[in-house]
Amino acid sequence: MPKSRSTSLTSISLALLVVSWSPVHAEGQEMWVNSERIEIHSCPSETCGKTGWDLHGSRVVILEQKDGWGRIDNPTPALCENGVTFLIDEGDNRCLPENGIVDGMLARWVDMNFLSGSKPEKAPDPEECDRGFLSSSDNYATYSNEFCAAARQLINGGECTEADFVESGGWAASSQYPQGTFFTYCGGIRIENKIYLDAKSGKIFR
């Protein structure tokens, strides 16, 4: 049997009432990384362990601010074993409050001096790479010209194709080498197909 008009109106009113009484969760402050790379720490201090990094243009949400630092997530289990955590990549990995780990929980913090409240504009493609096959590269806004020059050198030399760069997602930031070093794969996704670029000097190496 179809619902009557009065029943429908009652359902709508109840739905609106539920919405009006639902708790409101405050959202954090949306910001973007405006440096080449920003280190993530386990507490609001350079002395705390590093739990990774974000690249230029990455979006973060600041949930709490303290002494010029911003917390970008809620505490999660630090998976401590024998007093240390493997979730910290570099530096202090002790599961102690002075390292930001309280009751076995770990949160991540970034220095807000390297953040901006404005979303960065998409970087234009260099003329010689205007088909967009490199536009997914890390730090593209900073190194688009260097990426293009290196890619053209590899393509003209027969080592790579544009399809290789599309498959690899362009140039990816390296965690093995210093900041400004990137890698891609040409001819397959194997270790022997990995090619590195020092974007600051233009040097290509394996």
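Look up a bit, the structure's there.
This is a predicted model, so every value here is computed, not measured.

Student: I would appreciate a short explanation of the pairing of strand β1 (residues 29-33) in the present structure.
Tutor: For a regular strand, the rule is simple: side chains alternate between the two faces of the sheet. Taken together, the four bridges between β1 and strand β4 (residues 59-62) define a ladder with antiparallel strand orientation. Note that in β4 the partner of Gln29 across the bridge is Ile62. Two elements, β1 and strand β12 (residues 115-116), share two bridges in a ladder whose sense is antiparallel. From the neighbouring strand, Trp32 faces β12, where its bridge partner is Ser116.

Student: Explain the side chain of Ser35 to me, please; I cannot follow it from the model alone.
Tutor: Mapped onto the fold, Ser35 is located in the loop between β1 and β2 (37-41). Polar contacts involving the side chain of Ser35 include one to the main-chain carbonyl oxygen of Arg37, which spans 3.2 Å. With sequence-adjacent residues up to four places away left out, Ser35 is seen in contact with Leu55, His56 and Phe114.

Student: Explain unusual backbone geometry to me, please; I cannot follow it from the model alone.
Tutor: Glycine aside, negative phi is the norm for most residues, and most peptide bonds take the trans geometry. Phi at Asn82 takes a positive value of approximately 55°, unusual for a residue other than glycine. Its location among the elements puts Asn82 in the loop between β8 (80-81) and β9 (84-85). Phi at Asn139 takes a positive value of approximately 55°, unusual for a residue other than glycine. When you line up the elements, Asn139 lands in the loop between β12 and α2 (140-156).

Student: Mind showing me how you'd approach the pairing of β2 here?
Tutor: The element β2 is largely enclosed, with a buried count of four among its five residues. Bridge analysis of β2 against strand β3 (residues 50-55) gives five bridges, and the strand direction is antiparallel. Residue pairing for β3: Glu39 is matched across the bridge by Trp53.

Student: Please explain the pattern of salt bridges as it appears in this structure.
Tutor: As enumerated under the stated definition, the model contains nine salt bridges in all. Among the ionic pairs, Arg108 bridges to Asp73, the shortest N-O distance being 2.8 Å. Taken together, the positions of Arg108 in the loop between β10 (105-106) and β11 (109-111) and Asp73 in the loop between β6 (69-71) and β7 (76-77) put the pair 35 residues apart, joining distant regions of the chain. The class of Asp73 is buried, set by a relative accessible area of 19%. Across the pair Arg94 and Asp92 runs a salt bridge, and its minimum N-O distance is 2.9 Å. Of the residues examined, Arg94 reaches a relative accessible area of 37% and is grouped as partly exposed. Taken together, the shared-partner salt bridges in this structure form one network comprising Arg131, Arg152 and Glu162.

Student: Honestly, the sheet that holds strand β13 (residues 172-173) in this entry has me stumped. Any pointers?
Tutor: By definition, the strands of a sheet pair up through backbone hydrogen bonds, in either a parallel or an antiparallel sense. With antiparallel pairing, the four strands of this open sheet are ordered in space as β13-β14-β15-β16. Only two strands of the sheet have a single partner each, and these edge strands are β13 and β16 (203-205). The pairing of β13 with strand β14 (residues 181-185) spans two bridges and is classified as antiparallel. Looking at β14, one finds that Ala173 is bridged to Phe182. Against the sheet, α2 engages β14, β15 (194-198) and β16, with an angle of about 135° to β15.

Student: Looking at this structure, I do not really get the environment of Thr85. What am I missing?
Tutor: Tracing the sequence through the fold places Thr85 in strand β9. Thr85 sits 16 residues away from Ile101 along the chain, and the two C-alpha atoms are 9.4 Å apart. Once you skip the residues sitting within four places of it in the chain, Thr85 turns out to touch Ala78, Leu79, Cys80, Asn93, Cys95 and Ile101. At a separation of 3.0 Å, a polar atom in the side chain of Thr85 contacts the main-chain amide nitrogen of Leu87.

Basis of the calculations
- Residues numbered from 1 in each chain as written.
- Predicted model: local features only at pLDDT ≥ 70, side-chain atom pairs only at ≥ 80, totals over all residues.
- Heavy atoms only, no water.
- Pairing = 2+ DSSP bridges.
- Helix = DSSP H or I, 4+ residues; strand = E, 2+ residues; numbered from the N terminus.
- Polar contact = N/O pair within 3.5 Å; in protein donor to acceptor, adjacent residues only side chain to side chain.
- Contact = heavy atoms within 4.5 Å.
- Buried < 20%, exposed > 50% of the residue type's maximum accessible area, 1.4 Å probe, protein only.
- Salt bridge = Lys/Arg side-chain N within 4 Å of Asp/Glu carboxyl O.
- Axes fitted to C-alpha atoms, helices over the stretch in contact; angles between N-to-C directions.

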